[in-house]
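# Examining the three-dimensional arrangement
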Amino acid sequence: MASVAVIGGGPAGLIAAEKLAEADISVTVYDRKPSLARKFLMAGRGGLNLTHSEDLTNFLARYGSAEKHLTPFINAFTPTALREWCEGLGEPVFTGSSGRVFPKSMKASPLLRAWQLRLAKLGVELRLQRDWRGWNDKGALVFTNTDGAEETVSPDATLLALGGASWPRLGSDGSWTKYLADKKIAISPLRPSNCGFTVKWSDIFRAKYAGQPLKPVALLFNGQRVAGEAMLAAKGIEGGAIYALSSPLREAIAANGSAVLHIDLKPGLDEPQLADRLSAPRGGRSLSNFLRQEAALSPAAIGLLQENQSAKNMAAPELSAQIKSFPVTLTGTFDIDRAISSAGGIVWHEVDENLMLRRQKGVFAAGEMLDWEAPTGGYLLQACFSTGVGAANGILLFLNNK
Ligand SMILES: Cc1cc2nc3c(=O)[nH]c(=O)nc-3n(C[C@H](O)[C@H](O)[C@H](O)COP(=O)(O)OP(=O)(O)OC[C@H]3O[C@@H](n4cnc5c(N)ncnc54)[C@H](O)[C@@H]3O)c2cc1C
């Protein structure tokens, strides 16, 4: 019986282990943590947005420059297939009003329990608390256990599914990049994606509004407009609408040192409607009372507007233009430790059409360690599952030809 080592027990590695074991391969999953899929469980705290129900053309476009690389894998294991897989494990799914797909339990733990049971029945072996350290000079995989002792294995094929570098305490810290770089495999640096951004708030604003939501708002950058909500933080701004723009914002900051995001603080009214309301006489009212009473702006939105010292002297048209497009200068990203996901990874020309590393025959890669990024909405997990299935199919082909 052929043997495969799957290194990384997140969704990409586990779905590959399942497909391989179903094909009568002897599979061992290695993970450095004492339990599997910790990031998947963390995703479950937000309801576990598994995938999205939009049509496949729009769905695939969410992967930007990686669309063409991911398309064959997502076509082969589609959002519908992922929903059916989840339901097959006894976890019915539903589609929310935004089109996002979740298990009805809104949790990852029951799904993971059922999944681990299925893997055990299929004979998948687990070797936990095994930290992968690359290859030795004989080409064997090297692991260290909790005592620091080395173990080596030489399976017939290997799947690397080691994740990106966000939330490293959950297991994935990108330490694998050095082992692949030693083999001259090109890696695009791991960078925060779906992350917050730093802003130099005034001390007064920071003290008063850090931790408060800014909603409803629409964010504008580079011709893209995203409606939703943002969260004000002591060191900047984060939240769903910001995450959706994180890729172009991050790249603009990398190129220019900073990026100016415009915030529409009153998305429900157009500029003339707002100007009309703000043409009411202000009388003795403070700017803050005036904006609350005439435009129903939230305290956080008013506080933000007051970050511009000259706002208090603005006439209605100018003030309404500021409210509809308030500029905020972003100076950097929050640390990757708190990002939802990573951009970067193994560049696509390093893997063949079956996700095998061209420079390491018999070694495949899947999941977030490949060079793609996507917004939140279920696109992250879908790509991890689809590339996991794709790599398993590639391994089966490789073993057949061997
Ligand atoms: C807070 C949060 C919420 C999220 N919510 C969602 C969501 O709702 N929907 C969505 O689509 N996505 C979501 N994501 C993203 C999603 O969880 C990840 O994209 C996905 O888990 C990546 O899967 P993976 O299998 O590639 O890697 P991972 O899940 O990171 O798994 C990799 C595994 O490899 C192990 N490992 C790493 N290095 C080594 C080593 N050297 N030796 C041994 N083992 C190692 C790790 O311990 C880990 O178990 C969320 C992420 C976070 C942080």
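Thresholds applied
- Residues numbered from 1 in each chain as written.
- Predicted model: local features only at pLDDT ≥ 70, side-chain atom pairs only at ≥ 80, totals over all residues.
- Heavy atoms only, no water.
- Near = heavy atom within 4 Å.
- Polar contact = N/O pair within 3.5 Å; in protein donor to acceptor, adjacent residues only side chain to side chain.
- Helix = DSSP H or I, 4+ residues; strand = E, 2+ residues; numbered from the N terminus.
- Nonpolar A, V, L, I, M, F, W, Y, C, P; charged D, E, K, R; others polar.
- Buried < 20%, exposed > 50% of the residue type's maximum accessible area, 1.4 Å probe, protein only.
- Pairing = 2+ DSSP bridges.
- Salt bridge = Lys/Arg side-chain N within 4 Å of Asp/Glu carboxyl O.
- Axes fitted to C-alpha atoms, helices over the stretch in contact; angles between N-to-C directions.
- Contact = heavy atoms within 4.5 Å.
- Domains from an automatic or database assignment.
- Core = buried A, V, L, I, M, F, W, Y, C linked by side-chain atoms within 4.5 Å.
- Parallel < 35°, antiparallel > 145°, perpendicular 65-115°, else oblique.
- Left-handed = near helix turned anticlockwise from the far one by under 90°.
- Patch = residues over 30% accessible without salt bridge, like charges linked within 9 Å, V, L, I, M, F, W, Y side chains within 5 Å.
- Areas by Shrake-Rupley, 256 points an atom, 1.4 Å probe, with all protein chains shown as cover.
- Lys, Arg positive; Asp, Glu negative; His and termini not counted.
- Charge placed at Lys NZ, Arg CZ, Asp CG, Glu CD.

Near the ligand you find 28 residues, and of these Asp-31, Asn-49, Ser-172, Glu-368 and Leu-381 are the closest. In the model, an oxygen atom of the ligand is placed 3.0 Å from a nitrogen or oxygen of the Ala-12 main chain. A distance of 2.8 Å separates a nitrogen atom of the ligand from a polar atom in the backbone of Trp-132. Elements represented by at least two residues in the shell around the ligand include exactly helix H1 (11-22), helix H2 (38-45), strand S7 (131-135) and helix H15 (379-401). Residues belonging to the shell around the ligand are distributed by class as follows: 12 nonpolar, 9 polar and 7 charged.

Glancing now at the pairing of strand S10 (residues 157-160). Here S10 shows a buried face lined by Ala-157 and Leu-159 and a second buried face lined by Thr-158 and Leu-160. Bridge count for strand S1 (residues 3-7) against S10 is 4 bridges, and the pairing is parallel. Of the residues in S10, the one forming a bridge with Val-6 is Leu-159. Of the strand pairs in this sheet, S10 and strand S20 (residues 363-365) are connected by 3 bridges, and their pairing is parallel. Bridging across to S20, Leu-159 finds its partner in Phe-364.

A few words now on the pattern of salt bridges. Counted under the stated rule, the structure contains 16 salt bridges. Put simply, Lys-402 and Asp-156 hold a salt bridge, and the shortest N to O gap is 3.9 Å. Taken together, the residues Lys-402 in the segment after H15 and Asp-156 in the loop between strand S9 (150-153) and S10 connect sequence positions 246 residues apart. Looking at Lys-402, the relative accessible area reads 62%, which means it is exposed.

Taken in spatial order, the 5 strands make up an open sheet running S6-S2-S1-S10-S20, and their pairing is parallel. Single-partner strands in this sheet number two, and they are strand S6 (125-128) and S20. Adjacent strand axes in the sheet meet at a mean angle of 20° when their direction is disregarded. Docked against the sheet, H15 engages S1, S10 and S20, running at close to 165° with respect to S10.

A word on the domain arrangement of the protein. Segmentation of the protein into domains returns domain 1 (3-191 + 344-401) and domain 2 (197-333). Just the C-alpha atoms count here: the centres of domain 1 and domain 2 sit 39 Å apart.

Glancing now at the nonpolar core. Among the nonpolar cores identified, the biggest contains 79 residues, and Trp-132 and Trp-372 are the most heavily contacted of them. The leading source of residues in this core is H15, at 12 residues. Apart from the residues lying within four places of it in its own chain, the contact partners of Trp-372 are Tyr-63, Ala-66, Leu-70, Ser-342, Ala-343, Gly-344, Trp-348, Gly-367, Tyr-379, Leu-380, Ala-383 and Cys-384. With 46 residues, the next largest nonpolar core counts Ala-259, Leu-261, Ala-316 and Phe-326 among its residues.

Turning to the packing of helix H11 (residues 271-278) against helix H12 (residues 287-295), a few remarks are in order. Where H11 contacts H12, the axes come no closer than 9 Å and their chain directions differ by 120°. If you check the angle between H11 and H12, you find them oblique. The handedness of the crossing between H11 and H12 comes out as right-handed. Packed against H11, whose contacting residues are Leu-274, Arg-277 and Leu-278, the element H12 presents Phe-290, Leu-291, Glu-294 and Ala-295 at the interface. Broken down by class, the residue content of the contact of H11 with H12 amounts to 5 nonpolar, no polar and 2 charged.

On the surface, Arg-45, Arg-169, Lys-235 and Arg-338 cluster together to form a positively charged patch. Tracing the chain through its elements places Lys-235 in the loop between strand S14 (224-233) and strand S15 (236-238). Accessibility expressed as a relative area gives 45% for Lys-235, which makes it partly exposed.

We now examine the sheet that holds strand S18 (residues 332-333). Taken in spatial order, the 7 strands of this open sheet run S17-S16-S13-S14-S15-S12-S18, and their pairing is antiparallel. At either margin of the open sheet sits one strand with a lone partner, and together these are strand S17 (326-330) and S18.

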